[in-house]
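# Structural overview for review
Residues per chain, in single letters:
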Amino acid sequence: MAGLFMFPASVGAQDETGFTGQINVRDGEGGKVPIEGIRFVVEDGSGVVGEGVTDADGVFFIPVPAGTYSIAVDVDSIPEGITLRNPDRPQLDDLDINDGQSRNVLFPLLGEGVVSTVGAGGDGLATRALRLAIDGIIFGLIIAMCSIGLSLIFGTTGLTNFAHGELVTVGALGALLFNSTGGFGIHIVLAAILAVLLAAAAGGVNEKFLWRPLRRRGTGLIAMLVISIGLSILGRYVLLYLAGGNRQKYEQFGTQTPFEIGPVSMVPRDLWIIGLSVVTLVLVALAVQRTKTGKAMRAVADNRDLAESSGIDVDRVILTVWVMGGGLAGFGGVLFGLNQGIRWDMGFELLLLMFAAVTLGGLGTAYGPLFGSLIVGLFINLSTLVVPPEVKNVGALLILVVILLVRPQGLFGQRERIG
Amino acid sequence: MSEQELNPVFEGVSPTAGSAKPDAILTADKVTRRFGGLTAVNVDHLEIQRGVITGLIGPNGAGKTTFFNLMTGFDTPNEGTWNFDGIDVGKLPAHVVARKGMVRTFQLTKALSRLSVIDNMKLGAMQQTGESFFKAFVKGLWSAEEKAIEQRADELLERFKLSHMREEFAGTLSGGQRKLLEMARALMTDPKLIMLDEPMAGVNPALTQSLLGHVKSLRDEGRTVVFVEHDMDVVRDISDWVVVMAEGSVIAEGSHASIGANQAVIDAYLGTSHDQALDFNEEDGEDA
Amino acid sequence: MDWAGILSESARQFVGIQAMYFAIAAIGLNIHFGFTGLLNFGHAGFLAVGAYGLGVTVFWLEWPWWVGIIVGLLASIVFALILGIPTLRLRADYLAIVTIAAAEIVRISVRTTALADVTGGSNGLNGFNRDFTALNPYNDSFLGFRPDQLWPLTVGWIIVLLSVGVTYLLMRSPWGRVLKAVREDEDAARALGKNAYSIKMQSLILGGIFGALAGMIWVLAQGSIQPSPQDFGAPKTFFIWVAMILGGTGRLWGPVIGSMIFSALLQFTDLTLRGAVSAGYIPEWLMDGVQVGQMRFILMGLGLMLLMVFRPQGIFGDRREMALDV
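About the thresholds
Residues numbered from 1 in each chain as written. Chains lettered and ligands numbered in written order. Predicted model: local features only at pLDDT ≥ 70, side-chain atom pairs only at ≥ 80, totals over all residues. pLDDT = per-residue confidence, 0-100. Helix = DSSP H or I, 4+ residues; strand = E, 2+ residues; numbered from the N terminus. Contact = placed C-beta atoms within 7 Å. Nonpolar A, V, L, I, M, F, W, Y, C, P; charged D, E, K, R; others polar. Buried ≥ 20, exposed ≤ 12 C-beta atoms within 10 Å, placed from the backbone. Axes fitted to C-alpha atoms, helices over the stretch in contact; angles between N-to-C directions. Parallel < 35°, antiparallel > 145°, perpendicular 65-115°, else oblique. Left-handed = near helix turned anticlockwise from the far one by under 90°. Pairing = 2+ DSSP bridges.

## Description of the confidence of the model for chain C
All names here are of chain C. Taken residue by residue, chain C gives an average pLDDT of 87. The fraction at 70 or more is 97%. Within chain C, helix α2 (residues 17-35) carries the highest mean pLDDT (95), whereas helix α6 (residues 116-119) carries the lowest (74). In the model output, the complex is listed with pTM 0.79 alongside ipTM 0.85.

Written out as structure tokens, the structure is:
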């Protein structure tokens, strides 16, 4: 039985969640001298949750789960001859840790006889907001990739596909299967391509062997919606069964050295994700706009009977939509996996956000999901400036509710005629 | 069929579009409904006379059903106001308009298939005590009313010759029987104005006479009837007055005879430019 | 394999705690979907709102447990309004999406550390059922249920009967008639002067109240609230859906019978699989202990699909009377 790809729990994103930093002082020639033995304590509302000490390289890492904390330096552990630059600020409060995030904290120190330097990467509001905005755009692009299929499937068949998240997970887990040393051990780039093909095939199988026969039978849309929910559960738990419950990572592109762009630090992975998503989305947009198949898709999404009587092979168009939607979702899954690690229910997590994005943009349209996704991604990330990170998805619900009250057809959708 | 003599109430009413009526039950002013670039309804002024049968005719796409939807609150216009029985019903939702006495039926019959015929009928009665959530629990509060409603329903079923189908699911009725049911059910609401959307559509000719008789009896009871119809024989048979719509506007009003002779009406049905050469624009690879 | 033990243990679940509170929750969901056609996929949210309303009131404010019940019910009414106001005028799918999202939000909110002062965060609450358990008149076990289980079971099944009674009274009244009409064709109902939006909202509130009651009796039986995904998340909602469809939507006793059969069946499957694994019939590499627990979800997802495709009316339903086109 294909079973049992129990992927080994790789040293992964789980270990990267927490506080980190490197403590050093500058010596006379401008070089850095790491300081060992300085102790930090992390607390939340209920007390101390972790502590750590800087090692020989001056580096410390304190793992904590996602949440809001304060971190303080144990002043007594600072060696002789070194003091805090801001002695009345030994503690930083209200710092948020997101899943997969190693948060850098800075405690400027002064050594005897050393000129103080201005540190980069401070935690000012503008910097945080900028970092969150970048994360939001990355996230939004990922959501966009995953949800185009969702929107077009609704447009062409009327089905609200609650199992769409599982196509995302299939892509991410598929790539993991191909990539991890316990699996096939292929480089992630090739593994990603294979995974996208796998997800596209899954989409096609969905349509050919489940939805098309149901449509032929005359099954109503609401019944199909409920069936898609059943499929979602089935799919998700089969994936859990096969892959286990831990968050995993790909073998390549895992831990990277950050570099600075202006006030924010980024890793090369971020840029790759942005670049690949943008290129893909542009290609998809062009395909939908220019190619014959793309036009046929839009025609069927607009008015199926009319498209059919114009000679368009509706079934083939629908199959194309599912294959393309599946492939895109799978690709989004791989990128999501690169960004935040891979888990059996990652697609389901994303599903709600996808719905918010697609509703905002306009269910059934091709461009709607793109704008909706970017807005959703930005909004929920920036919302962590005021709310704890574990509740940031609430923002997506708020968007959903507001849109439904104000403009239910979304930004680009059309109001339906009554009567 | 003989032509009907002009109902005396219309003596002196000018057979022009938008003419004033001696006792209008429904008056509409400057009602417009646009869908994107298309103007579906653009009625400048229309008055419906109380207590008579008014036929609303016009080619397909003329806006008749949309006009019905607007008047009864099933759609919202871009502009316009209209009064029913002296009340401004422009902003009211559909169910409130129905409660005020203006009731409509649908082109595609909406017999509630999964309810029995008698339940369909009992549904029609308005302001039932038992329909309120808390009172529903206490049967004693509404059982007497329910009996009275049931009696009225049975009388109407008798009148419409549907009594034998009383306990059957409405879904088992034939097309014509469903039309009868919908009409009978609408009568349960005790409407002042009843708007029938193509009541004869899909009904076999044998049943048509019976339906026509029912429609006439509505008027004889003192109700006002407006109906949309395509069958000219039907229109000629029972209309006291005819209103013609084309491309969203009212283009003519009058007795059936005067309508038949109206050039604007003929043009609307046949098309004005049928003697000009047809002209196609080249499609130059534009996106759909 | 101890078949006798498996069968008797499964049979007990016909009337056990899960069957009991599932029945109450499913009665509520049946009002939503079976009788009104509303797609509520966040029913676990109602259970959570009821449970936490009760727990928070008793635990922090130290008010009597019956006040907690009232608070829980009020909270569920508010929740129903939040869900219904934006969505009931729109297509059915929108309610489905919003209810899933809202239930997730509720679950996240009750375990976030930020609100831990009120909700107990990821530790949950406990010890709020003392006054309730103090009323327990039972001293001996019965049918394998301990005295401390028999009390909530008794109370719970009485609530089930009362809930069925309430549903019966409503659905045979003119109110129920309007509901069935709105379920089938909203425009037809509006053309007859019925306020479709209002009755859908009433239905949403009523079904939500049953959901909150289910949540409350359940946590009273347990003595604690744990904000895990299994307890108040999507899995629970879907369990209740399967139980409801199994019994037959739109029927009076459907949700009750469905919940009973579902609970027994679930226990049977679990025990059989575990027994097979520990007896060696199923090799360890194919299925380990953890995966047995996951198997129930796999089967449930599959079961829901098969039910909807081949027998959407469930055991007692009438295909002609179904709310959806099947």
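## Some thoughts on the interface of chain C and chain A
With 40 residues of chain C in contact, the opposing surface of chain A contributes 38 residues. Those elements that place two or more of their residues in the side of chain C that touches chain A are α4 (65-87), α5 (92-111) and α15 (289-310) of chain C. Of the residues forming the side of chain C that touches chain A, the biggest block, 13 residues, is contributed by α5 of chain C. Classifying every residue of the side of chain C that touches chain A by side-chain character gives 30 nonpolar, 7 polar and 3 charged.

## Describing helix α1 (residues 64-71) of chain B
Residues and elements named next belong to chain B. Within α1, 8 of the 8 residues are buried, leaving the element largely enclosed by the surrounding structure. Considered for burial, the residues of α1 that qualify are K64, T65, T66, F67, F68, N69, L70 and M71. Downstream of α1 by a residue or two, G73 has a phi angle that is positive, lying close to 90°.

## Examining the packing of helix α3 (residues 164-179) of chain A against helix α9 (residues 314-340) of chain A
All names here are of chain A. One way to put it is that α3 packs onto α9 with a least axis distance of 7 Å and a crossing angle of 60°. As the angle between them shows, α3 and α9 are arranged oblique. Helix-helix and strand crossings are classified by hand; for α3 and α9 the assignment is right-handed. Counted together, H164, L167, V168, T169, V170, G171, A172, G174, A175 and L176 of α3 and G326, A329, G330, F331, G332, G333, V334, F336 and G337 of α9 form the full contact between these two elements. The class makeup of the residues in the contact of α3 with α9 is 10 nonpolar, 9 polar and no charged.

## Remarks on the sheet that holds strand β10 (residues 102-104) of chain A
All names here are of chain A. Spatial strand order, β6-β1-β10: 3 strands in an open sheet with mixed pairing. Either end of the sheet is taken by a strand with one partner, and the two such strands are β6 (59-63) and β10. Neighbouring strand axes in the sheet, compared pairwise and without regard to direction, differ in orientation by 25° on average. Summarising the sheet, strand β1 (residues 18-22) and β10 pair through 3 bridges and their orientation is parallel. In the strand pairing of β10, F19 is matched with R103.

## Digging into the pairing of strand β4 (residues 79-84) of chain B
All names here are of chain B. Sheet topology note: the strand β1 (residues 24-35)/β4 ladder contains 5 bridges and is antiparallel. In the sheet register, D29 faces β4, and the bridge partner there is T81. Across 2 bridges, the pairing between β4 and strand β5 (residues 87-88) is antiparallel. Directly across from F84, in β5, lies its bridge partner I87. Hairpin connection between β4 and β5: a loop of 2 residues separates the two successive antiparallel strands, and D85 in this loop has a positive phi of roughly 55°.

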